[in-house]
Amino acid sequence: MTISKRQVRKDQTQKQLIAVAFDEFSREGFMVTRTSDIAKAAGVSHGTIFAHFATREDLLIAVIEEFGHRVAGRMHELANQGGSVREVLEAHLQGLTEVEAFYRRLVSESSLLPSGAQSALVAIQSAISIHLSQAAEQEMAAGKIRKIPLHLLFNTWIGLIHYYLSNAPLFAPGESVLKRYGPELLEYFVSLITV
Amino acid sequence: MKTCIACGMPMEKKEEFAMGDTSKDYCVFCARPDGSMQSYEEKLEGMTRFIVKTQGFDEKAAQNAAREMMAKLPAWQGR
């Protein structure tokens, strides 16, 4: 089957709109960014957006899903380089630091987002928790870390990271929270769970 | 990189594929002991249990999240 030039162009425009929307959402947040802002930044007419995405919500979900695939793929790649809990958490921090602005918006605004967007966030967390759980079960069995229910282990880590991210202006105004505090949070968390 | 059609997990290494067979489109976690792919019901139950165990969600909320995630995957289209 050959793909027509028209289809190729359509796919390219769609990818470009997702990339531009990603940058706009990262900078301004999900609630404030208007589709007209995205169209302007992408250099297309406002109508072009709706030729590709039926509603603003569809665009929003497409952007978050694309982001989710990226994070899950990167996490898989990084976590496979090592196997310890520390290495998985380091990989998590590294993966998130690369996309911190967007992730921070997602965390801060998640309860206001439509359910499709929220389930994309759950999918991201599931991709992380599978790696952490595998590593943690091994280290618990080997007596290296304390026997803690897996959901509490995961939620304690996520809670810590998300608290810093959602209060970024207090912890690291104008700079990366994860670059500044990531190593300290990692050491602290590992010290809490180590036997 | 291939992605599991049933759960979305990226598959790189041989042992991540069902039966260690890289021609398969589904992963080791979505295979039954005999190597065939799990049914929708089996996968939904497995994913729900996994979310409850590793993220501590309410069971109903976990099942809804699992259902929404599965709805995006190629193996479960048209359901």
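Residues numbered from 1 in each chain as written. Chains lettered and ligands numbered in written order. Predicted model: local features only at pLDDT ≥ 70, side-chain atom pairs only at ≥ 80, totals over all residues. Heavy atoms only, no water.

> Break down the overall build of chain A for me, with residues and values.
Secondary structure assignment for chain A yields ten helices and zero strands. Referenced to the eigenvectors of the C-alpha coordinate spread, the extents of chain A come out at roughly 60 × 45 × 25 Å. Counting across all 195 residues of chain A, residues that qualify as buried make up 49%. In chain A, the share of contacts with a sequence separation of at least 24, taken over all contacts with a separation of at least 6, comes to 68%. Carbon and sulfur atoms provide 53% of the accessible area of chain A, an area that totals close to 9900 Å². Taking the 19 positively charged and 20 negatively charged side chains of chain A as two groups, their mean positions are separated by 5 Å. (Helix = DSSP H or I, 4+ residues; strand = E, 2+ residues; numbered from the N terminus. Buried < 20%, exposed > 50% of the residue type's maximum accessible area, 1.4 Å probe, protein only. Contact = heavy atoms within 4.5 Å. Areas by Shrake-Rupley, 256 points an atom, 1.4 Å probe, with all protein chains shown as cover. Lys, Arg positive; Asp, Glu negative; His and termini not counted. Charge placed at Lys NZ, Arg CZ, Asp CG, Glu CD.)

> Before we move on, could you go through the overall build of chain B and cite the residues and values that matter?
Regarding its fold elements, chain B presents two helices and two strands. The C-alpha atoms of chain B give a radius of gyration of 13 Å, which matches the 12 Å a tight globule of 79 residues would have. Dimensions along the principal axes, computed over C-alpha positions, put chain B at roughly 35 × 30 × 25 Å. Taking all 79 residues of chain B together, the buried fraction comes to 37%. As displayed, chain B offers around 4400 Å² of accessible surface, 53% of which is attributable to carbon and sulfur atoms. Charged side chains in chain B number 12 positive and 12 negative. The centres of these two groups are separated by 1 Å. (Rg over C-alpha atoms; globule rule 2.2 N^0.38 Å.)

> Please give an account of the interface of chain A and chain B that cites residues and values.
Each side of the interface is counted separately: chain A has 22 residues, and chain B has 18 residues. Buried surface at the junction of chain A and chain B, summed over both partners, amounts to about 1600 Å²; 57% is from carbon and sulfur atoms. If you sort the residues of chain A by the area they bury against chain B, His76, Ser119 and Val122 of chain A come out on top, with a joint share of 28%. The interface formed by chain A and chain B holds two salt bridges in total. Here Glu137 of chain A ties to Lys53 of chain B by a salt bridge, and the two come within 3.0 Å at their closest N and O atoms. (Buried area = accessible area lost by both parts, 1.4 Å probe. Salt bridge = Lys/Arg side-chain N within 4 Å of Asp/Glu carboxyl O.)

> An account of the confidence of the model for chain B is needed here, citing residue identities and associated values.
All names here are of chain B. Across chain B, pLDDT averages 93, with 100% of residues at or above 70. Element-level pLDDT for chain B is lowest in strand β2 (residues 10-11), with a mean of 86, against a maximum mean of 96 in helix α1 (residues 40-55). Interface predicted TM-score (ipTM) for the complex: 0.86; the corresponding pTM is 0.87. (pLDDT = per-residue confidence, 0-100.)

> Would you mind going over the packing of aromatic side chains in detail, with residue names and values included?
Residues and elements named next belong to chain A. Taken as a whole and assessed by the stated rule, the structure comprises 13 aromatic pairs over all chains. Judged by centre distance (5.1 Å) and plane angle (40°), the rings of Phe25 and Phe30 are tilted. Of the two residues, Phe25 and Phe30, both sit in the buried class. An angle of 50° between the planes, with centres 4.6 Å apart, marks the rings of Phe67 and Phe102 as tilted. A residue pair is termed long-range when its members are at least 10 positions apart, and Phe67 in helix α4 (residues 56-79) and Phe102 in helix α6 (residues 100-109) qualify at 35 residues. Of the two residues, Phe67 and Phe102, both sit in the buried class. By way of ring pairs, the aromatic residues Phe22, Phe25, Phe30, Phe67, Phe102 and Tyr103 are connected into one cluster. In this arrangement the basic side chain of Arg70 is found over the ring face of Phe22, its NZ or CZ atom lying 5.0 Å from the centre. (Phe/Tyr/Trp six-rings, centres within 6.5 Å; stacked < 30°, edge-to-face > 60°. Lys NZ or Arg CZ within 6 Å of the ring centre and 35° of its normal.)

> Go over the packing of helix α5 (residues 85-97) of chain A against helix α8 (residues 150-166) of chain A with me, naming the residues and quoting the values.
Residues and elements named next belong to chain A. Where α5 meets α8, the axes come as close as 13 Å, and the angle between the chain directions of the two elements is 30°. It follows from the interaxial angle that α5 and α8 lie roughly parallel. Judged by the sense of rotation from one axis to the other, the crossing of α5 with α8 is right-handed. Between α5 and α8, the contacting residues are Leu89, His92, Leu93 and Leu96 on the first element and Trp157, Ile158 and Ile161 on the second. (Axes fitted to C-alpha atoms, helices over the stretch in contact; angles between N-to-C directions. Parallel < 35°, antiparallel > 145°, perpendicular 65-115°, else oblique. Left-handed = near helix turned anticlockwise from the far one by under 90°.)

> Explain the side chain of Ser126 of chain A residue by residue, including any values.
Its place among the elements puts Ser126 of chain A in helix α7 (residues 115-141). When near neighbours in sequence (up to four residues on either side) are disregarded, Ser126 of chain A contacts Phe50, Ile51, Gln55 and Met69 of chain B.

> Give me the lowdown on the domain arrangement of chain A, citing residues and values where you can.
All names here are of chain A. Domain annotation of chain A identifies domain 1 (1-53) and domain 2 (56-193). For domain 1 versus domain 2, the separation of C-alpha centres amounts to 27 Å. Contact residues are listed per partner, giving 16 residues for domain 1 and 18 residues for domain 2. Each partner contributes to the roughly 1500 Å² buried at the junction of domain 1 and domain 2, and carbon and sulfur atoms together form 76% of this total. Of all residues in domain 1, Phe22, Phe30 and Phe53 give up the largest surface area on contact with domain 2, accounting jointly for 45% of the area buried on that side. The interface formed by domain 1 and domain 2 contains zero salt bridges. Taken together, the elements giving at least two residues each to the side of domain 1 that touches domain 2 come down to α1 (5-28), α2 (35-42) and α3 (46-52). Tallying contributions element by element places α1 first for the side of domain 1 that touches domain 2, with seven residues. Looking at the side of domain 1 that touches domain 2 residue by residue, the class counts come to ten nonpolar, four polar and two charged. (Domains from an automatic or database assignment. Nonpolar A, V, L, I, M, F, W, Y, C, P; charged D, E, K, R; others polar.)

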